[in-house]
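Breakdown of the fold
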There are 2 protein chains.
Amino acid sequence: MYENGIDVYFINTSDYHVSEYVPEYFRTLYYFSNFSGSLGQLIITFDHAYLFVDGRYHTQAEKETAEQEIEVMKLGTEGVLPADEFLINNCRDLRIGLDGKCVSAAFVRKLQKKGLNIKSVDLYSSIYEDRTPLSKDMLYELGVKYTGLSRKEKIEIIKKCLGGRCHIVNNLESIAYLLNLRGNDVPYTPVFLAYLVIYQNDVYLFVDKERLSDVIFEGLLHDGVIVKDYNAFYPFLKTIRHELILLDEEKVNYDTYAAVGFKNKIHHMMSLIEDMKTIKNQVEIKNARLAHIYDGVAMVRFMKWLKTSDKEELSEYDVKIKVNRCRLEYKAFDLSFNTIVGYNENAAMMHYSPTPDKHAMLKNEGIILVDSGGQYFEGTTDITRTFALGKVNAEIKLYFTLVLKSMFNLAQAKFLKGLNGGQLDILARKDLWDRGIDYRCGTGHGVGHVLAVHEMPPNIRPAINSGSSYALKAGNIFSDEPGVYFEGKYGIRCENLLLCKNDVKNEYGQFLSFEHLTMVPFDLDLIDKQYLDEKTVACLNAYHQEVYTRLSPYLDDEERKFLKQATRSI
Amino acid sequence: MYENGIDVYFINTSDYHVSEYVPEYFRTLYYFSNFSGSLGQLIITFDHAYLFVDGRYHTQAEKETAEQEIEVMKLGTEGVLPADEFLINNCRDLRIGLDGKCVSAAFVRKLQKKGLNIKSVDLYSSIYEDRTPLSKDMLYELGVKYTGLSRKEKIEIIKKCLGGRCHIVNNLESIAYLLNLRGNDVPYTPVFLAYLVIYQNDVYLFVDKERLSDVIFEGLLHDGVIVKDYNAFYPFLKTIRHELILLDEEKVNYDTYAAVGFKNKIHHMMSLIEDMKTIKNQVEIKNARLAHIYDGVAMVRFMKWLKTSDKEELSEYDVKIKVNRCRLEYKAFDLSFNTIVGYNENAAMMHYSPTPDKHAMLKNEGIILVDSGGQYFEGTTDITRTFALGKVNAEIKLYFTLVLKSMFNLAQAKFLKGLNGGQLDILARKDLWDRGIDYRCGTGHGVGHVLAVHEMPPNIRPAINSGSSYALKAGNIFSDEPGVYFEGKYGIRCENLLLCKNDVKNEYGQFLSFEHLTMVPFDLDLIDKQYLDEKTVACLNAYHQEVYTRLSPYLDDEERKFLKQATRSI
């Protein structure tokens, strides 16, 4: 820092593509802080280090950084400002360094507008030992029977909206979606490292050429995509002049913006591809329903195993292995995220995940939370169920029932088009708020199609400034996952994926409503019916009936019998 | 226009203070177009005139301008742009004139940013004959027993936030609030024409000096307020240089902005006074509760008269006169807006109000909607009740019950601080949306204290871009007024005013909830209990019990008997 004239250095959990989940190569923050969560920011001064983490990671960050001299800044608690506000308030006259490829243009520009002195410099790579190399695995193509639209059709749609502008894309999901290609660079998300520049006439893809088969290479060329090397991107940017450039400053890194920002006119707006990608087409929707049947079959097998095993023999990690196997040995080609299995108090940590070395042993009592999902060629799944492992007390039943009701409150909503997720969120929270309880996270997130399990911008969350201005559209897929988290006691979450659909259209406008995609029973052993109104009981029974109808053709007799019992009317 | 080098002239319905309701003196648009509505914009070219009006006024504007050569531009119908967009699209190379005192700075600056050529010039005053003069009535003071804070205390609070800046205020409600003064310049809103400039050391009030008694004049001087003449404001602005000026471009007129904008640095932000004004202090809250008891007594007397009269003898206008008298002959010093009384299909027009010449006659059947309010020295009220005038059919009872439930759904909300009105709105709408019905207006608006019945920025409405980013705060007073409006059939609305209060504070944060301020029974003849859940029945019964307890000490035996019956448990 000193040699480079830097007083403060900023490290986050991102890669060169402002990704949420990143290749091992980019686990810089973990390397330097030992914090293994998926989101965090580290601010290092000459005599101090601050780690900023959200509600999911308050406890985990404390534990993991205990042996380092790092102060954990718990976002969401009183008086703790986000990292950018912290820099603005405390580092006004200091020289701030960061790797401009690993932070969004929006982040740096915000700081610069506040008068902060920012320098893009990589101070860590030279001291980052045993760094995992980038993937060299070959890419693969998703056919039209999975995507609904060919690469050429997708590119034509984008070009029609381009109006002579040049569109620069860093976002890996958008690139994979547009080109109908997938890779394995990032755990759980089948994307590959690449950049894209779309002109009205030409499309340039920047990717490690050796990872393309001849067939894919020729196919790209045939569809008008010129392939250049991954490392040729920044030199290429320097040649762009006097263009009207369309980019999303939240989704391109600062170095990308800086390379073109001064010689061209910039239109800041959400990528055209992102908008298209979040509205699933009819083929994708049909496939998604099938993926959720496959996922339901895997989950029912897992549930049968869990509910009928002697829990004294099992650890959380055994459960994690089992649920993963149920998916991977059936139809999934990958998991969609690192499976969360939390027994009793461990489930109060929202993103706790057991490892071979660190896990709790189970008993034939208490509750276990399992949040898991799969990648299928037909779609991406994400589901949470909480199970009783034996007798549970009345308090747990009360809260499970409230959480289940909260999930249905949102799932049953019918609302006018134009509403955003921030305006729907209260439906899932109000029964908990009535009792003075909250969950410190969003209610739901968008879900990609054979892509990231967290797909922005659709989301359902209450915060004013967190992108919740996205109006829900027919074709969006969302998670609906309210919960309660009592530190040191237990955690409960119920999560289904919902498809947003057109409902009635009349003189008041177009109404939208949801369809349950997830097809897995809720554990009836945890329900106390006195806390459910008639409407929710009817919804639950109808849902369970549908689960049985859809899954039973895929199950053997034993499994079917189990499912029949698990989906009985209450 | 020709002499002044103007190709297009713009006239609107505002005064010099960007007010919603204006003194007669400013009815320029009515004078030149014969359109009498409260909101409209006239654009005059050498050979054409366009009048822009919203949905409320489509029919009325056609009728009133029939004898003039004016094209009515019906906002909200397909292809009709708002006046500002019209100017941007059609008048790019023309010279546009307008009275810069009668339009907001934000309006003109938006046009200027689009490259339009705007000149502030008053072309109408010299040809405006028989213009109603401005009020000469004396102003009066509200004592601390009504305001909770002295003028001096309020000024000190503002000065503490000023940080050396100069704050320019055009908004009449803010000036009246800060100075604890009231006037009668505008119908229904007790404000007076004035401007204010607050420096760290001095406060300048620009007002017609002859309207101040010696006592008030001395009091102002004693509190550090220097009084200058109303007309001295613009010459004074020209003397301001090298200051950091705080102003709200939506709430100051363009001439104000133009006079200071180039010689000073401008901080655009909501007025500090507005923020303070919308958070009612403990004295204001105590008084507001009392004002609502007075209002409730007046409304119960009205309700008793209405429910026990032979309706065949009455017109809507008779009802309007009666409800107004019930208030004005008891404790109110004025009404808070023009009373709305709509019988059956007339109530489907949201802003319908009967006149001596135009009104429907009533029958002993059907329903009547009465939306009315009063100005009391203790507070400002606004209430809607819908009453059965005889037998009503099952459909009407269904919708009344749904609307009532919707009102309670919002009123019973408990929610975390930080939530804005747009995020609460769905609670009042969801039961109607479930049936594919909407009301095409907000759910609620802020209410001033002995000031305007519509107080911005607090509001509860679903639209994304309509100021709903204001987070609700303890001390805000809101209306809660869902409804159904079936054109040609009937309209139903239930409206109570709610006080936002601090509820429990715990590890999740500060919860807020509401208290009913309005204390008037809902007509039990319109309720079909099968559409209410147990919780809402309990809320309604508890509310009615409270209404009886609070109002009965103020009533005579007959009235008390009526109220007892009207507030019986269901």
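Everything in this summary refers to the structure shown in the same document.

Rules used in this analysis
Residues numbered from 1 in each chain as written. Chains lettered and ligands numbered in written order. Predicted model: local features only at pLDDT ≥ 70, side-chain atom pairs only at ≥ 80, totals over all residues. Heavy atoms only, no water. Patch = residues over 30% accessible without salt bridge, like charges linked within 9 Å, V, L, I, M, F, W, Y side chains within 5 Å. Areas by Shrake-Rupley, 256 points an atom, 1.4 Å probe, with all protein chains shown as cover. Salt bridge = Lys/Arg side-chain N within 4 Å of Asp/Glu carboxyl O. Lys, Arg positive; Asp, Glu negative; His and termini not counted. Charge placed at Lys NZ, Arg CZ, Asp CG, Glu CD. Helix = DSSP H or I, 4+ residues; strand = E, 2+ residues; numbered from the N terminus. Pairing = 2+ DSSP bridges. Axes fitted to C-alpha atoms, helices over the stretch in contact; angles between N-to-C directions. Contact = heavy atoms within 4.5 Å. Least-squares fit on C-alpha atoms with pLDDT ≥ 70 in both. Core = buried A, V, L, I, M, F, W, Y, C linked by side-chain atoms within 4.5 Å. Buried < 20%, exposed > 50% of the residue type's maximum accessible area, 1.4 Å probe, protein only. Buried area = accessible area lost by both parts, 1.4 Å probe. Polar contact = N/O pair within 3.5 Å; in protein donor to acceptor, adjacent residues only side chain to side chain. Nonpolar A, V, L, I, M, F, W, Y, C, P; charged D, E, K, R; others polar. Right-handed = clockwise from strand over helix to strand, strands pointing away. Parallel < 35°, antiparallel > 145°, perpendicular 65-115°, else oblique. Phe/Tyr/Trp six-rings, centres within 6.5 Å; stacked < 30°, edge-to-face > 60°. Lys NZ or Arg CZ within 6 Å of the ring centre and 35° of its normal. Expected span 1.5 Å × (residues − 1).

1. Overview of a negative patch on the surface
Residues Asp310(A), Glu312(A), Glu313(A) and Glu365(A) make up a contiguous surface patch of negative charge. If you trace the backbone, Glu313(A) turns up in the loop between α12 (282-308) and α13 (316-328).

2. Quick notes on the sheet that holds strand β12 (residues 225-228) of chain A
Residue and element names in this part refer to chain A. Here we have 6 strands laid out as an open sheet, ordered β12-β11-β10-β8-β13-β14, and mixed in their pairing. On the outer flanks of this sheet lie β12 and β14 (265-268), each paired with one strand and no other. This sheet shows a mean twist of 20 degrees between the axes of neighbouring strands, independent of strand direction. Where strand β8 (residues 166-169) and strand β13 (residues 244-247) come together, 2 bridges link them in parallel fashion. Residue pairing in the sheet places Cys-166 in a bridge with Ile-245 of β13. Each of β8, β10 (195-198), β11 (203-206) and β12 touches helix α7 (residues 172-179); the most contacted strand, β10, lies at about 60 degrees to it. Here helix α10 (residues 254-261) sits on the sheet in contact with β8, β13 and β14, set at roughly 140 degrees to β14.

3. Observations concerning the relation of the copies chain A and chain B
Mapping chain A onto chain B calls for a screw motion: a turn of 178 degrees about the axis and a shift of 1.2 Å along it, with 1.3 Å RMSD after fitting. This pairing of chains is accounted for by a two-fold axis. Of the C-alpha atoms belonging to chain A, the one lying closest to the rotation axis is found on Gln423(A), 2.0 Å away. Most of the interface of chain A is mirrored in chain B, where 97% of its interface residues are also at the interface.

4. Looking at the nonpolar core
In terms of nonpolar packing, the biggest core is built from 159 residues, with Phe415(A), Leu424(A), Phe514(A), Phe415(B), Leu424(B) and Phe514(B) touching the most fellow members. Every residue in contact with Phe415(A), bar those within four places of it in the chain, is listed here: Leu424(A), Leu472(A), Cys500(A), Gln510(A), Phe511(A), Leu512(A), Ser513(A), Phe514(A) and Trp433(B).

5. Overview of the pattern of salt bridges
Residues and elements named next belong to chain A. Taken as a whole and assessed by the stated rule, the structure comprises 66 salt bridges over all chains. Of the charged contacts, one joins Glu-515 and Arg-289 as a salt bridge, the two residues approaching to 2.6 Å between their closest N and O atoms. Of the two residues, Glu-515 is situated in strand β28 (residues 509-516) and Arg-289 in helix α12; the sequence distance between them amounts to 226 residues. With relative accessibility at 26%, the residue Arg-289 sits in the partly exposed group.

6. Topic: the interface of chain A and chain B
Between chain A and chain B, the residue contacts involve 32 residues of the former and 33 residues of the latter. When chain A packs against chain B, close to 2600 Å² is buried across both sides, 57% of that on carbon and sulfur atoms. Where chain A packs against chain B, one counts 2 salt bridges. Across the contact surface, chain A and chain B share 8 residue pairs in polar contact (both at pLDDT 80 or more). When contributions to the side of chain A that touches chain B are tallied by element, the ones reaching two or more residues are β21 (414-416), α15 (421-433) and β25 (483-486) of chain A. When residues in the side of chain A that touches chain B are grouped by element, the largest group, 7 residues, is from α15(A). When its residues are assigned to classes, the side of chain A that touches chain B shows 15 nonpolar, 8 polar and 9 charged.

7. Side note on the sheet that holds strand β20 (residues 383-388) of chain B
All names here are of chain B. Strand order across the open sheet formed by 3 strands is β16-β17-β20, with antiparallel pairing between neighbours. The sheet is open, and its two borders are formed by β16 (340-343) and β20, each paired with just one other strand. Each strand of the sheet is rotated relative to its neighbour by a mean of 10 degrees, with strand direction disregarded. As paired strands, strand β17 (residues 367-372) and β20 are joined by 6 bridges and run antiparallel to one another.

8. Regarding the pairing of β12(A)
Side-chain direction in a regular strand flips from residue to residue, so the side chains alternate between the two faces of the sheet. All names here are of chain A. Only one face of β12 is buried, namely the one carrying Val-225 and Val-227, since none of Ile-226 and Lys-228 on the opposite face is buried. When β11 meets β12, the two strands line up parallel, connected through 4 bridges. Each residue of the ladder has a partner; that of Val-203, found in β12, is Val-225. Between the parallel elements β11 and β12, the chain passes through helix α8 (residues 214-222) in a crossover that is right-handed.

9. Observations regarding the packing of helix α6 (residues 151-162) of chain A against α7(A)
Residues and elements named next belong to chain A. Packing of α6 against α7 brings their axes to within 7 Å, and their N-to-C directions diverge by 120 degrees. The pairing of α6 with α7 is recorded here as oblique in orientation. On α7, the residues that touch Arg-151, Lys-154, Ile-155 and Ile-158 of α6 are Tyr-177, Leu-178 and Leu-179. Partitioned by chemical class, the residues of the contact of α6 with α7 number 5 nonpolar, no polar and 2 charged.

10. With respect to the packing of aromatic side chains
The geometry of an aromatic ring pair comes down to the distance between the two centres and the angle between the two planes. Enumeration over the complete set of coordinates arrives at 65 aromatic pairs over all chains. Pairing Tyr140(B) with Phe377(B) gives two aromatic rings, centres 6.1 Å apart and planes at 85 degrees, and the pair type is edge-to-face. Placement of Tyr140(B) in strand β7 (residues 140-141) and of Phe377(B) in the loop between β18 (374-376) and β19 (379-380) is noted, with a sequence separation of 237 residues between them. Of the residues examined, Tyr140(B) reaches a relative accessible area of 26% and is grouped as partly exposed. Three or more aromatic residues joined by ring pairs form one cluster here, namely Tyr195(A), Tyr199(A), Tyr204(A), Phe206(A), Tyr230(A), Phe233(A), Tyr234(A) and Phe236(A). Positioned above the aromatic ring of Tyr234(A), the side-chain terminus of Lys101(A) is 4.7 Å from the ring centre. Across from the ring centre of Tyr330(B), 5.6 Å away, lies the NZ or CZ of Lys331(B), which sits over that ring.

11. Looking at the pairing of β16(B)
Residues and elements named next belong to chain B. The alternating pattern of β16 places Ile-340 and Gly-342 and Val-341 and Tyr-343 on opposite faces, both of which are buried. Looking at chain direction, β16 and β17 are connected through 4 bridges and run antiparallel. Paired with Val-341 across the two strands is Val-370, which belongs to β17.

12. Concerning helix α16 (residues 534-551) of chain B
All names here are of chain B. In a regular helix each residue adds 1.5 Å, so 18 residues correspond to 26 Å; α16 covers 26 Å between its end C-alpha atoms and thus fits that length. Looking only at α16, the buried set comprises Thr-536, Val-537, Cys-539, Leu-540, Asn-541, Tyr-543, His-544, Val-547, Tyr-548 and Leu-551. Along its buried surface, α16 packs onto α12 (282-308), β20, α14 (394-411), β27 (496-506), β28 (509-516) and α17 (557-566).

13. Considering the environment of Leu524(B)
Residue and element names in this part refer to chain B. Tracing the chain through its elements places Leu-524 in the loop between β28 and α16. What makes Leu-524 buried here is its relative accessible area of 10%. The spatial distance from the C-alpha of Leu-524 to the C-alpha of Ile-570 is 8.3 Å, given a sequence separation of 46 residues. Once residues lying within four places of it in the same chain are set aside, the contact partners of Leu-524 are Leu-540, His-544, Gln-565, Ala-566, Arg-568 and Ile-570.

14. Notes on unusual backbone geometry
With glycine set apart, most residues show a phi of negative sign, and most peptide bonds adopt trans. With omega at 5 degrees, the peptide bond leading from Met456(A) into Pro457(A) counts as cis. Turning to its location among the elements, Pro457(A) is positioned in strand β23 (residues 455-460). In the Ramachandran plot, Asn344(A) falls in the positive-phi region, its phi being about 45 degrees despite a non-glycine side chain. As for its placement among the helices and strands, Asn344(A) is situated in the loop between β16 (340-343) and β17 (367-372). Given the relative accessible area of 16%, Asn344(A) is considered buried. A positive phi angle is found at Asn34(B), which is not glycine, with a value near 75 degrees. Topologically, Asn34(B) is positioned in the loop between α1 (28-33) and β2 (41-44).

15. A look at the environment of Glu455(A)
Residues and elements named next belong to chain A. Structurally, the position occupied by Glu-455 is in strand β23. The spacing of Glu-455 and Thr-28 is 427 residues in sequence and 23 Å in space, taken between C-alpha atoms. Those residues in contact with Glu-455 that lie beyond four places of it in its chain are Glu-173, Lys-277, Thr-278, Lys-280, Gly-446, Val-447, Gly-448 and His-449. In this structure the side chain of Glu-455 is engaged in a polar contact, spanning 2.6 Å, whose partner is the side chain of Lys-280.

16. Topic: the packing of α14(B) against α16(B)
All names here are of chain B. Running from N to C, α14 and α16 cross one another at 85 degrees; their axes reach a closest spacing of 10 Å. Here α14 is positioned roughly perpendicular relative to α16, judged by the angle of their axes. Residues Leu-404, Lys-405 and Phe-408 of α14 form the contact with α16, whose participating residues are Thr-536, Cys-539, Leu-540 and Tyr-543. For the contact of α14 with α16, the residue count by class is 5 nonpolar, 1 polar and 1 charged.

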